[in-house]
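Summary of the model geometry
Each chain, written out:
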Amino acid sequence: MIRHYLLSAYRNFFRNKGSFFINLTGLTTGLACTLLIFLWVNDELLVDKFHSDRVFLAMEHQDYVGEIMTTRSTPGILAESLQEDIPEIEFAATLTWISPQTLTVRENQNFKADGWHVGKEFFRIFNYPLIAGTSDQVLDDKHSMVVSEELALRLFGSVEASLGQSIKVQHNKTFLVTGVFENIPSRSSYQFDFVQSFEDYREDNDWVENWGSNGPSTAVRLIEGADHQFVTAKIADYVINKGEQTNVILFLNPFADLYLHGTFRNGAQSGGRIEYVRLFSVIAVFILIIACINFMNLSTARATKRAKEVGIRKAIGADKGTLFGQYIGESTFISFISLVLAIVIVLLFLPVFNEITNKQIAFELSPTIIIGSLVITVVTGLLAGSYPASYLSHFKPAQVLKGQIRTTWGELWARRGLVIFQFTLSIILIIAVISVYQQIQFVQNKNLGYNKENLVYFYQEGKVEENLETFMTEAKKIPGVLEISSIGHNLLSRQNNTSGLDWEGKDPETLILFENVRVNYGMIEMLGVEMKEGRTFSRDFAADSARIIFNEAAIKAMGMTDPIGKNIKLWERYDMEIIGVAKDFHFRSLHREVSPLFFRLQPNTTWTVMLRIDPNRMTRTLNDLKVFYEDFNPGFTLDYYFMDKEYAELYAAEQRVAKLSRYFAGFAILISCLGLLGLAAFTAERKVKEIGVRKVLGASVANIVMLLTKDFSKLVILSILIAVPIAWILVNQWLDNFAYRIDISIWYYLGAGIIALFVAWFTVSTQALRAAHTNPSESLRTE
């Protein structure tokens, strides 16, 4: 029986090669897109999932004038204190910041690697397996260092040879290798090459002992069976009870959830990367539905070609269930052929896809991938074949064998409805792509309030840090270096902030968070930040280190008028005179509004050197700067960054989404057009005699083309009318994530509609022109 069904399917495919090819191409393309999205979604969902579900980050909700800010920054001594006081917490560790460091193992042999300081329980909390050393001892000594297998091989040639070796960090302190961990998997949100003991960091930074100073993160591992909600309720006032902060609620957040659910708004979890996972999952479903609709339409449109087969089968005893199963089997068979071809396409394009998504996805035959692929394929076969199978199996044998089949209006509108549905989905995707592209262009080109072009920066190390003024004076002499200064901020995110300001008329209950930007002389001028009133810091005024400059948002938040010359008190210790008000500028992404900020003149606490370089001699100047840097700072290499590129990285996720959306929207249109092409060809075939008669009666090619295209044009126009309001709602929801956003223009919708209409016309017209140029004498002889 199965052999007979397969033979019947083969004959049907061979008899209708055009329809078979269109169905196969559409389903293959749809499955390939869906598999790629499935691989990406699966990879996203697995990030950090290799850690225990008992691992949490202690985080803070901080209340500022009714607005709650959620942060991972906590007091440096929180981990140690929690482990001592809370019995449900088995282990706790402080985590600082991953940053590039210069490592020296032998004289004049320097290596760059990313590392950070962590608490001694780090390897007992996180699942980073040790190849050498034990998790409870490797970080016991403050001068211990644990390196990755890759770094051990790079520095010493083998894991065994690395143990007990000395490594000098930043040409300063020497550390002893006490352990080696397996290379960090790509599905880890933390990517690092080595760790050092937090006790070493504590030795040089006594501020971490203060309950009023936040900075590091705190990771904890709960005991088996502990309820994290119970522990959260227990520690909610833990920081407040220490007496240094009054606006902090402490809570535990599952560590593995933060990668996808890491965005908080006003104290509540609000999206994050999970939004893009949902978005592309929906796109995958859209594309697959569009491909299935093609199959449904072409199969039902050509049902009359198989009507006699159905009639004969029913006459000799086949029931509806048997016929339904046969035709579902055919569609599933095509789906599995498409799956094989789709896998070939995925394997060919996966390297390009990885480059676009910045991933390292491999098509591995894991149970998840195998089961997921089979489920997608079977669902596709069932979805694509269900309506045609039902339609064909319901033919009445008496009518079929007498040739009395007539297409009803219900059947016709069902087919048209499917076309409308697939073009509606395609148009929604086009509008979304246009809107995302325009928003990305907006944020990339918006005036930030400072000039990021031709700005180069690097972090201070070694002798540059020790002799900063001398270095900058000499570097300024390099041809092409227009300006140079230093800053203690990256101007890309929140880094250093405080609510410890008091001023005349302040409500004692009011807490306002100010960003604290430490600068050197000339930094504000080099950035091109404009002053609304007052002046910037100047070497002509020796007391400027006791003066302060606010931005407009800060002055507004403080409720000040005529601020120049007024005094504020910082941290209840420093009296600061306001000498200027800078116009607002963006120091975070445009997802957030401009926040209160102040500049302080503190050259000795800046950590970044920034230069503005003549764009006409950028390459030559950077080469000269590198030579000078390495001569001035022996043992260190110059690693510099371009400010405009780093700013663009703030929107890397959106840029990848925009790029992927363009490709997938293109494939959706392609698949829709394949279906339209098949229907147009079938329509032309059915109207071959009518076309012949019209041509004999004098109809022009244009008349014939209009005859065949007008009905399809009406369907696409109706799709546009349905898609526009849906797209408007969806696009606005996405744009609401930005504090600064584009206004949606009617031209986006008109553009999407025109694109869809033009593509539909072009697709149908190819078949219409072919039919219009057919010799009427041949078409009128057709039986």
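Data block above holds the structure.
Think of each chain on its own: its residues are numbered from 1, step by step along the sequence as written. Local features in this predicted model are restricted to residues of pLDDT 70 or higher, and side-chain atom pairs are both shown and tallied only at a pLDDT of 80 or more, whereas totals for entire chains, interfaces and linings draw on every residue. Water and hydrogen atoms were dropped before computing side-chain values, which therefore reflect all heavy atoms in the structure.

**A word on the overall build of the protein chain**
To qualify as a helix, a DSSP run of H or I must reach at least 4 residues; to qualify as a strand, a run of E must reach at least 2; elements of each kind are numbered from the N terminus. Regarding its fold elements, the protein chain presents 25 helices and 26 strands. Expressed as a percentage of the 783 residues in the protein chain, the buried residues total 51%. Two residues form a contact once any of their heavy atoms are found within 4.5 Å. In the protein chain, the proportion of contacts linking residues at least 24 apart, taken out of those at least 6 apart, comes to 78%. Computed by Shrake-Rupley with a 1.4 Å probe, the accessible areas treat only the displayed protein chains as cover when residues are assessed. Roughly 36,100 Å² of accessible area belongs to the protein chain as shown, and the carbon and sulfur atoms make up 55% of that amount. Per-residue accessibility, obtained with a 1.4 Å probe over protein chains only, is compared with the maximum for each type, and a residue is labelled buried under 20%, exposed over 50%, and partly exposed between these values.

**Notes on helix α19 (residues 618-632)**
Here the expected span of a helix is defined as 1.5 Å times the quantity of residues minus one. Across its 15 residues, α19 extends 21 Å between first and last C-alpha, which sits within 8% of the 21 Å expected from 1.5 Å per residue. Close packing links the buried residues of α19 with β15 (455-459), α15 (462-466), α16 (468-475), β16 (481-487), β25 (608-613) and β26 (641-642).

**Section: the environment of Glu60**
As for its placement among the helices and strands, Glu60 is situated in strand β1 (residues 55-64). In the analysis that follows, any N or O atom pair within 3.5 Å is treated as a polar contact, provided that within protein one partner can donate a hydrogen and the other can accept it, and provided that, for residues neighboring in sequence, both atoms belong to side chains. Within the structure, the side chain of Glu60 is placed 2.7 Å from the side chain of Asn214, a separation counted as a polar contact.

**Things to note about the packing of aromatic side chains**
Pairing of aromatic side chains here covers Phe, Tyr and the six-membered ring of Trp, requires ring centres within 6.5 Å, and sorts the geometry by plane angle: under 30 degrees stacked, over 60 edge-to-face, intermediate tilted. This model, assessed by the stated rule, comprises 42 aromatic pairs. Judged by centre distance (6.1 Å) and plane angle (65°), the ring pair of Phe50 and Tyr128 falls under edge-to-face. Of the two residues, Phe50 is situated in the loop between α2 (17-46) and β1 and Tyr128 in the loop between α4 (122-125) and β6 (130-132); the sequence distance between them amounts to 78 residues. The exposure class of Phe50 is partly exposed, given its relative accessible area of 26%.

**Observations regarding the pattern of salt bridges**
We define a salt bridge as a contact between a side-chain nitrogen of Lys or Arg and a carboxyl oxygen of Asp or Glu at a distance within 4 Å. All chains considered together, the criterion is met by 32 salt bridges. Note that Glu90 is salt-bridged to Arg221, the shortest N-O span being 3.8 Å. With Glu90 in strand β3 (residues 89-95) and Arg221 in strand β11 (residues 217-222), the pair connects residues that are 131 residues apart, well separated along the chain. Take Glu90: its relative accessible area is 30%, and that puts it in the partly exposed class.

**Quick notes on a nonpolar patch on the surface**
Patches draw on residues past 30% relative accessible area with no salt bridge. Two like charges within 9 Å are joined, as are two nonpolar side chains (Val, Leu, Ile, Met, Phe, Trp, Tyr) within 5 Å. Taken together, the side chains of Phe336, Leu365, Ile370, Leu374, Val378 and Leu382 present a nonpolar region at the surface, about 500 Å² in accessible area. The greatest single-element share of the nonpolar patch, amounting to four residues, is contributed by helix α12 (residues 367-393). Along the chain, the position of Leu374 falls in helix α12.

**Description of the nonpolar core**
By nonpolar core is meant a set of buried Ala, Val, Leu, Ile, Met, Phe, Trp, Tyr and Cys residues that side-chain atoms within 4.5 Å join together. Ranked by size, the top nonpolar core spans 104 residues in total, and within it Phe599, Met610 and Phe664 carry the most contacts. Considering each element in turn, this core owes the most residues, 13 residues, to helix α14 (residues 409-445). Discounting residues that sit within four places of it in the chain, Phe664 has contacts with Cys33, Ile37, Phe280, Ile283, Ile287 and Phe353. Judged by nonpolar contacts, the second largest core, of 26 residues, contains Tyr128, Leu139, Val146 and Phe192.

**A short note on α16**
When we look at burial in α16, the residues that qualify are Leu468, Phe471, Met472 and Ala475. Buried residues in α16, looked at end-on, bunch into an arc of 95°, giving them a common side. As for α16, its buried residues are in contact with β15, α15, β16, β25 and α19. It is the directions from the helix axis to the C-beta atoms whose arc is reported.

**Here's the deal with the pairing of β25**
The side chains of a regular strand alternate, first on one face of the sheet and then on the other. Burial analysis of β25 places six of its six residues in the buried class, the great majority of the element. Covered by surrounding structure in β25 are Thr608, Met610 and Arg612 together with Val609, Leu611 and Ile613, the residues of both alternating faces. Here, strands pair whenever DSSP counts at least two bridges between them. Inspection of the sheet shows β15 paired to β25 by five bridges, in the antiparallel sense. Looking at β25, one finds that Tyr457 is bridged to Met610. Both β16 and β25 contribute to a ladder of six bridges, which runs antiparallel. Pairing of Glu483 across the sheet is with Arg612, part of β25.

**Looking at the environment of Gln441**
In this structure, Gln441 sits in helix α14. For Gln441, a relative accessible area of 31% gives the class partly exposed. Expressed as a C-alpha distance, the spacing of Gln441 and Ile742, which sit 301 residues apart in the sequence, is 9.6 Å.

**Considerations on the side chain of Thr424**
Residue placement: Thr424 occurs in helix α14. With sequence-adjacent residues up to four places away left out, Thr424 is seen in contact with Ser719, Ile722 and Ala723.

**Quick word on the side chain of Ser426**
For Ser426, the location among the structural elements is in helix α14. Residue classification places Ser426 among the buried positions, given a relative accessible area of 0%. Among all residues touching Ser426, those that are not within four sequence positions of it are Ile290, Ala668, Ile669 and Ser672.

**Some remarks on unusual backbone geometry**
Although it is not a glycine, Asn454 adopts a positive phi angle of roughly 60°. With respect to the helices and strands, the residue Asn454 is situated in the loop between α14 and β15. You can call Asn454 partly exposed: its relative accessible area is 26%. At Leu491, a position not held by glycine, the phi torsion is positive, near 60°. Within the secondary structure, Leu491 sits in the loop between β16 and β17 (497-498).

**Digging into the packing of α16 against α19**
The angle between the axes and the distance between the axes are what describe a pair of packed helices. Where α16 contacts α19, the two axes come as close as 11 Å, and the packing angle between them is 150°. When the axis of α16 is compared with that of α19, the two are roughly antiparallel. In this structure, α16 crosses over α19, and the sense of that crossing is right-handed. Across from Thr470, Phe471, Glu474 and Ala475 in α16, the residues of α19 making contact are Leu625, Phe628, Tyr629 and Phe632. Partitioning the contact of α16 with α19 into residue classes produces six nonpolar, one polar and one charged. As a rule, the C-alpha atoms of each element are fitted with a line to give its axis, helices using only the stretch in contact, and angles between N-to-C directions run from 0 to 180 degrees. Note that the term roughly parallel is reserved for angles under 35 degrees, roughly antiparallel for angles over 145, roughly perpendicular for angles of 65 to 115, and oblique for everything else. Crossing handedness: left-handed means the near helix sits turned counterclockwise from the far one by under a right angle, and right-handed means the same turn made clockwise. Amino acid classes used here: Ala, Val, Leu, Ile, Met, Phe, Trp, Tyr, Cys and Pro are nonpolar; Asp, Glu, Lys and Arg are charged; the rest, including Gly, are polar.

**What about the environment of Arg617?**
Considering the arrangement of structural elements, one finds Arg617 in the loop between β25 and α19. Residue classification places Arg617 among the partly exposed positions, given a relative accessible area of 24%. A sequence separation of 136 residues divides Arg617 from Val481, and the C-alpha atoms of the two residues are 9.3 Å apart. With sequence-adjacent residues up to four places away left out, Arg617 is seen in contact with Pro479, Gly480 and Asp624.

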